[in-house]
Number of protein chains: 2
Amino acid sequence: MPAPTLVQALSAIRPVDLERMAAVQARLDRQTKPRGSLGRLEEFARRYVAITGREDIRRKEIYTFAGDHGVAEEGVSAFPREVTPQMVYNFLAGGAGVNALARHAGAEVRVVDMGVDHDFGAQPGLIARKIAPGTANFRRGPAMTRAQALAAVETGIALADAAADAGVDLLGTGDMGIANTTPSAAIAALFSGLPVAQVTHRGTGIDDAALRHKIAVIEEGLRVNQPNPQDPLDVLAKVGGFEIGGIAGLVLGCAARSLPVVVDGFISTAGALIACELHPQVREYVFAAHRSVEVGHAVLLERMAQQPILDLHMRLGEGTGAALAMSLIEAALRGLREIQTFDEAGVSRGRDQ
Amino acid sequence: MPAPTLVQALSAIRPVDLERMAAVQARLDRQTKPRGSLGRLEEFARRYVAITGREDIRRKEIYTFAGDHGVAEEGVSAFPREVTPQMVYNFLAGGAGVNALARHAGAEVRVVDMGVDHDFGAQPGLIARKIAPGTANFRRGPAMTRAQALAAVETGIALADAAADAGVDLLGTGDMGIANTTPSAAIAALFSGLPVAQVTHRGTGIDDAALRHKIAVIEEGLRVNQPNPQDPLDVLAKVGGFEIGGIAGLVLGCAARSLPVVVDGFISTAGALIACELHPQVREYVFAAHRSVEVGHAVLLERMAQQPILDLHMRLGEGTGAALAMSLIEAALRGLREIQTFDEAGVSRGRDQ
């Protein structure tokens, strides 16, 4: 079967199964522990089972989407643009942060070229889905055409669809793209209605002057492009990025195929928010991995009504937070499967049990 | 060699190696990521290596200390007292929360009877170190004698010492003891100087009236016993518990043998605080696993200058939080060992690198 279009994927999204959720909680409440005492682990177990109908995880995959950004020419990042392809090679060689943490979590990293300004040729392991060699500089005009935005989203949908067919039970998102906190901050400002200065931060590590410049660039980009927050594809096209579109599609595709997806940090959440703005029930399939140091991240999470799983002051992206959070979801399922009930273990109940 | 006495263990504690810590950070700063972008993972890696001199973990063990409490007869818990031995059997059978989460983390659970009011006979797997079958009710007088408090602490020290000899690289603490949030709240009130009502909470799930009663019982216990916060053994003896003493000893013994120890939730932190009050450098060996729902926990953590690793609204104890946090320390070490440097990966540096 061909991969679903955006319209087909949107039509396929259903609310998660509340009866299944209640059944899981009923079992958790019979287990040998005070009710609710595993806190958010119980929420993870409940939600995972409600989404998938399964109580374990067979395969975990993290999709690290890479793309370049025309706005990088404005000097908004501490790193030069050639780092995007260099890091793609590093991912493929297994030497980056996401590779190390994914190995710890037992997850596979899949690297997707959504729009890196570099010719990788036939590169083993690389999922080649280049829309174009980088976006245009959104300070001057749209980052991409609406057709390119749609293509980026449908690429992500197709990857989620294929993962579902291959028996993957838990997906994670990740990003690589020099300057990509700039479009992410633009997206945060647009959907929240907050001033750009309140959602823009230092990215990989710029100083005060560069931060003021970054804010001015985003403000100008929003003024020039006038993206319409009622039309999430318009936002993606005008101030987004190819990797952000891929992430939006993957998250949306997961919801369409009843797969839980662990959304990494600031850039991934910007992509996930576009998916959630396209369909409000997408958020039921999302696990927010962690709270990034980037100030705009909290704004995105709030808009999606998500509580992050971890808060370790990370700001690396790539899917590093997703890798860590996956392991906690897996731990929650262990608890669900393996903790004995009061009856099984012959333990007396408390007053509330 | 016989296990160290408390005095010997105290004399053996040294500050952790700051040069080693700086060397680890220097390597982290050469890795292909913005400086500091792995946030607290970098702290975990730095501290683990500084403590142990190793960059990996061979063996992880969680010590779950069990004891009964005379103060349970005051009705301060939602669960009946027989649950303490029932849960010990559950731990030994592998059916409790800590067993499930420790299996996920690849850690072994070791169950220590420090003072359960039950005759276990010769029970395979149980580490039998019963000081007495439960403490006395501290509302009426001291929970234990000073000699018993010392014996409990030295039991924990001996276990840490043996673990060090056996090549365990990371230890965790856990607790089981019906009513043991009551002595823990007493300890929190004493060392913080805060009113009992500010550090006392619902434990396994008592209602408002029972909470008011629990506060009154603790207040009376402190008035009757007048524990001296300048003398941590006096505090342990008068309002503590045998499992809390075992935890204090394990934590102190870890510091004496240069072993990192992951301290679980409220009860474990009460034990760890006694160790830290006995020697201020103990805290350098402690990783605080998580922030418990128990309100007094934050007070204990602050007194020890600890930032918890996780905040998942848990309140189960047993070592469940320690199991989860161990895995994050292990992930941090993966990052340290496996992320390539800029030179190794041929990636361009940023402005600050």
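Thresholds, definitions, all that
Just so you know, the residues in each chain are numbered from 1, in the order the chain's sequence is written. Labels are handed out in written order, letters beginning with A for the chains and numbers beginning with 1 for the ligands. Per-residue local features are limited, in this predicted model, to residues with pLDDT of at least 70; the limit for side-chain atom pairs, both in listing and counting, is 80 or more; totals at the level of whole chains, interfaces and linings are taken over all residues. Values shown for side chains rest on all heavy atoms present in the structure; no hydrogens or waters enter the calculation. Per the convention used, a helix needs a DSSP run of H or I reaching at least four residues, while a strand needs a run of E reaching at least two, with both numbered from the N terminus. For the radius of gyration, the atom set is restricted to C-alpha positions; the globular benchmark scales as 2.2 Å times the number of residues to the power 0.38. Using a 1.4 Å probe on the protein chains alone, a residue whose accessible area is under 20% of its type maximum counts as buried, one over 50% counts as exposed, and one in between counts as partly exposed. What makes two residues a contact is simply this: any of their non-hydrogen atoms within 4.5 Å. Here the copies are superposed with least squares, the fitted atoms being C-alpha atoms of residues at a pLDDT of at least 70 in both. Domain start and end points were adopted from an automatic or database domain assignment. Two parts placed together each lose some accessible area under a 1.4 Å probe, and the buried area is that loss summed for both. One side-chain nitrogen of Lys or Arg within 4 Å of one carboxyl oxygen of Asp or Glu is enough to make a salt bridge. Polar contacts here mean pairs of N or O atoms no more than 3.5 Å apart (in protein, one a potential hydrogen donor and the other a potential acceptor; neighbouring residues in sequence count only if both atoms are side-chain atoms). When DSSP locates at least two bridges between a pair of strands, those strands are taken to pair. Axis definition: a line fitted to C-alpha atoms, over the contacting stretch in the case of helices. Angles run 0 to 180 degrees between N-to-C directions.

Turning our attention to the overall build of chain A. Each helix and strand in chain A was counted, giving 15 helices and 6 strands. Rg of the C-alpha trace for chain A: 20 Å, near the compact-globule value of 20 Å for 353 residues, within the 12% margin. A principal-axis box enclosing the C-alpha atoms of chain A has dimensions of 70 × 40 × 40 Å. Buried positions account for 65% of the 353 residues belonging to chain A. Long-range pairs, those at least 24 residues apart, make up 76% of the contacts in chain A between residues at least 6 apart in sequence.

A word on the relation of the copies chain A and chain B. Turning chain A through 180° and shifting it by 0.0 Å along the axis lays it on chain B, with an RMSD of 0.0 Å. Both copies are brought into coincidence by an operation consistent with a two-fold rotation axis. Looking at the rotation axis and the C-alpha trace of chain A, the residue lying nearest is A:Leu310, at 3.3 Å. Counting the interface residues of chain A, we find that 100% of their copies in chain B are interface residues as well, pointing to one common contact surface.

What follows is about the domain arrangement of chain A. Residues and elements named next belong to chain A. For chain A, the domain assignment lists domain 1 (6-54 + 336-345) and domain 2 (60-328). One C-alpha centre belongs to domain 1, the other to domain 2; they are set 29 Å apart. The largest per-residue losses of area from domain 1 upon contact with domain 2 belong to Leu6, Ile13 and Ile51, which jointly make up 35% of the total buried on that side. Joining domain 1 to domain 2, the criterion identifies 1 salt bridge. Asp169 serves as the salt-bridge partner of Arg54, at 3.6 Å between the closest nitrogen and oxygen. The interface formed by domain 1 and domain 2 includes 7 residue pairs in polar contact (both at pLDDT 80 or more). Those elements that place two or more of their residues in the side of domain 1 that touches domain 2 are helix H1 (6-12) and helix H3 (40-52). A per-element tally of the side of domain 1 that touches domain 2 places H3 first, with 7 residues.

Residues and elements named next belong to chain B. Judged by pairing direction, the sheet is parallel, and its 6 strands sit side by side in the order E3-E2-E1-E4-E5-E6 without closing on themselves. The sheet terminates laterally at strand E3 (126-128) and strand E6 (286-288), the two strands that pair on one side only. Adjacent strand axes in the sheet meet at a mean angle of 30°, parallel and antiparallel pairs treated alike. Alignment of strand E2 (residues 108-115) against E3, held across 3 bridges, turns out to be parallel. Opposite Val111, over in E3, you have Leu126 as the bridge partner. Its contacts with the sheet place helix H4 (residues 83-93) against strand E1 (60-67), E2, E3 and strand E4 (170-176), and it is angled at close to 145° to E4.

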